[in-house]
Amino acid sequence: MSTLARAPTGTLYVVATPIGNLDDMVPRAIQTLQTVAVIAAEDTRHSARLLAHFDIKTPAIAYHDHSDEHRTEQLIARLLAGEDVALISDAGTPLVSDPGYRLVRSARQQGIRVVPIPGACAMIAALSAAGLASDRFAFEGFLPAKQVARTHQLESVAGDARTLIFYEAPHRILETLQDMESVFGAEREVVVARELTKTFETIKGGSLAEMVAWVAADSNQQRGEIVLLVQGAPKQENADLSPEQIRVMKVLLEDLPVKQAAAIGAKITGLKKNFLYDWALKQE
Ligand code: SAM
């Protein structure tokens, strides 16, 4: 055996934790957290309850992608020295709208073994129960908080045929649904999945118009943790515009924003406004 052989590095375990119901903690997650040298947690105070509940005495240190580059280096150094490290976030699967990307990327670049311990994830739990097409879907994470940026982001996915999945804060749920209604149209189906795995779990679907009215009328629906799932853009019959219709739309789009061009184009061509809107977005 060569005397230059490198000592084995440790393993970085990426461990999912429950999104509300502690019974969703998988046995392999408990075992891993009990046996690693250190737990890198998004918020050590938040995770203390979970760790105490499962009698996990492993020391935890705070890890956040952006707050502390030095922390990433420290953890990588420990892994390279042969220690095993577990990464957890406050809830669910790390890296899914949660910290961990920088650590995982850096570990893999250094040839460190990265092992996922799968478990709860709010968007997958929501998708599994929403009854929307699940063969193709796009996870959009959190939308921007400001309305102009949010509308812009929604417009960029309005023509996407895949089911769209968003995370949203409860105090923005109503305005986000309203923006979705104006961008996707009142008829598009949406499912609101709230407080999954918890006492007040609610999963309700309907048209955007119906769901805006429902959430507006019941302030309880504006509380807790929420996943929004939106049906993909409907497939258009007559997906091809005639050469004359294309000419009209191109002229309008030269001087007008997409929404206005679609509205005027609909009056000129007799085609549906939403269809022209989606068509115009695909041309960009
Ligand atoms: N990493 C987590 C995961 O795997 O789902 C997501 C973390 S992200 C910071 C938190 C967001 O996830 C919440 O604002 C909410 O949109 C969604 N979420 C988390 N737990 C949820 C639950 N029990 N029910 C519904 N949505 C939830």
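These lines cover the structure that appears in this document, whether it is placed above or below. (Residues numbered from 1 in each chain as written. Predicted model: local features only at pLDDT ≥ 70, side-chain atom pairs only at ≥ 80, totals over all residues. Heavy atoms only, no water.)

### A word on the site of the ligand
Near the ligand there are 19 residues, and of these Thr93, Asp98, Ala122, Tyr167 and Ile226 occur at the shortest range. Separating a nitrogen atom of the ligand from a backbone N or O atom of Val96 is a distance of 2.9 Å. Within the backbone of Leu196, a nitrogen or oxygen atom sits 2.9 Å from a nitrogen atom of the ligand. Using a 2 Å cut-off from the grid points, one finds that the ligand occupies the largest pocket. Elements supplying a minimum of two residues to the shell around the ligand: β7 (163-168) and β10 (226-230). The two domains that each donate at least three residues to the shell around the ligand are domain 1 (11-120) and domain 2 (123-230). (Near = heavy atom within 4 Å. Polar contact = N/O pair within 3.5 Å; in protein donor to acceptor, adjacent residues only side chain to side chain. 1 Å grid on protein atoms, 1.4 Å probe; cavity = no way out; pocket = protein on both sides within 12 Å on 5 of 7 lines; lining within 4 Å. Sits in = over half its atoms within 2 Å of the grid points. Helix = DSSP H or I, 4+ residues; strand = E, 2+ residues; numbered from the N terminus. Domains from an automatic or database assignment.)

### Brief notes about the packing of aromatic side chains
Each pair of aromatic rings is reported with the distance of its centres and the angle of its planes. The final tally for this structure, using the stated rule, is two aromatic pairs. Pairing Phe142 with Tyr167 gives two aromatic rings, centres 5.7 Å apart and planes at 65 degrees, and the pair type is edge-to-face. A residue pair is termed long-range when its members are at least 10 positions apart, and Phe142 in strand β6 (residues 137-142) and Tyr167 in strand β7 qualify at 25 residues. Accessibility expressed as a relative area gives 48% for Phe142, which makes it partly exposed. Pairwise contacts between aromatic rings join Phe139, Phe142 and Tyr167 into one cluster. Geometry around Trp214 places Lys204 over its ring, the cationic atom sitting 5.2 Å from the centre. (Phe/Tyr/Trp six-rings, centres within 6.5 Å; stacked < 30°, edge-to-face > 60°. Buried < 20%, exposed > 50% of the residue type's maximum accessible area, 1.4 Å probe, protein only. Lys NZ or Arg CZ within 6 Å of the ring centre and 35° of its normal.)

### Description of the nonpolar core
Across soluble globular proteins, nonpolar side chains have a tendency to be buried as a group. Within the largest apolar cluster, 35 residues are counted, with the highest numbers of intra-cluster contacts made by Phe166, Leu177, Met180, Phe184 and Leu228. When residues are assigned to domains, this core turns out to be shared by domain 2 (123-230) and domain 3 (243-283), each giving three or more. Judged by nonpolar contacts, the second largest core, of 17 residues, contains Tyr13, Ala29, Leu33 and Ile117. (Core = buried A, V, L, I, M, F, W, Y, C linked by side-chain atoms within 4.5 Å.)

### Quick notes on unusual backbone geometry
In this structure, Leu95 takes a positive phi of about 75 degrees despite not being glycine. Despite not being glycine, Ser97 has its phi angle at roughly 50 degrees, a positive value. Tracing the backbone shows Ser97 in the loop between β4 (85-88) and α4 (101-109). Given the relative accessible area of 32%, Ser97 is considered partly exposed.

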